[in-house]
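One letter stands for each residue in the lines below.
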Amino acid sequence: MKIQFTLNGKKTEAQIRPDTTLYELVRQLGCLSVKCGCETSNCGLCTVFFNGTPVLSCSMLAARADGGRVETLEGLQAEAEEIGAFVAGQGAEQCGFCNPGMIMNMIAMFRELPDPTDQEIREYLAGNLCRCSGYEGQMRAVKEFMKYKAQKEESGKEAKV
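Below or above, wherever it landed, is the structure these notes cover. Small disclaimer: the values here were computed from a predicted structure and weren't measured.

Our next topic: the overall build of the chain. Each helix and strand counted, the chain has five helices and five strands in total. Mapped from its N terminus to its C terminus, the chain presents α and β elements in the order β-β-α-β-β-β-α-α-α-α. For 161 residues, the compact-globule estimate of 2.2 N^0.38 gives 15 Å, and the C-alpha radius of gyration of the chain, at 17 Å, lies within 12% of that figure. For the chain, long-range pairs separated by at least 24 residues make up 57% of all intrachain contacts whose partners lie at least 6 apart in sequence. A total accessible area of about 8,700 Å² is found for the chain, and carbon and sulfur atoms account for 50% of it.

In this section: the pattern of salt bridges. The tally for this structure, following the rule as stated, stands at six salt bridges. Its salt-bridge partner being E13, residue K2 comes within 3.4 Å of it at the nearest N-O pair. In this pair, K2 is assigned in strand 1 (residues 2-7) and E13 in strand 2 (residues 10-15), connecting sequence segments 11 residues apart. Given the relative accessible area of 46%, E13 is considered partly exposed. Close ionic contact of R111 with E79 constitutes a salt bridge, the shortest N to O distance being 2.9 Å. With R111 in helix 3 (residues 99-112) and E79 in helix 2 (residues 77-89), this residue pair connects regions lying 32 residues apart in the sequence.

What counts, and at which threshold
Residue positions are given per chain, counting from 1 as you read along its sequence in written order. With pLDDT at 70 or above as the cut-off, local features in this predicted model cover only qualifying residues; side-chain atom pairs require 80 or more to be listed or tallied, and sums for whole chains, interfaces and linings still use all residues. The side-chain values count all of the structure's non-hydrogen atoms but skip hydrogen atoms and water molecules. Strands here are runs of E lasting at least two residues and helices are runs of H or I lasting at least four, both read from the DSSP assignment and numbered beginning at the N terminus. Atoms counted for the radius of gyration: C-alpha only. Globule rule: 2.2 Å times the number of residues to the power 0.38. Contacts are assigned to residue pairs with any non-hydrogen atoms lying within 4.5 Å of each other. Every accessible area reported is derived by Shrake-Rupley at a probe size of 1.4 Å, with residue values counting cover from the shown protein chains alone. Salt bridges are defined by distance alone: a side-chain nitrogen of Lys or Arg within 4 Å of a carboxyl oxygen of Asp or Glu. The rule is simple: take the accessible area with a 1.4 Å probe, protein chains only, and divide by the maximum for that residue type; under 20% is buried, over 50% is exposed, in between is partly exposed.

Below, the structure written as structure tokens:
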């Protein structure tokens, strides 16, 4: 079966089997940030954006992506690097295996909620399994990133005056 979709801004065509998952397909196409830690839709490591919404790519058949738009961390480098610096700065990247999925969900959270509450942050991070950190580092990273964004916006407003 042949499908066509946009992967990280690039028109892509792929020949797939009917049982190919989106996870398998994007890995085959070189998006190695997408990982699979459980194959049961429980860890969040395989998170990608499909038509702008975070989805677990290990649970989605690649055929469903036909005609759609898929974004992985490789296609979101500027946002990912900015947030990732705060994750690293808080020591929340210990082994680093969960970081791509975690950062994808952080990006989704900030797109939907510019100023999330602690409870909303916990809800967004809850779908990401991290065996190393205990999640406190990620929570600190999100809060520090929010402070940074607020300062950046404030200094931008002052420069325009």
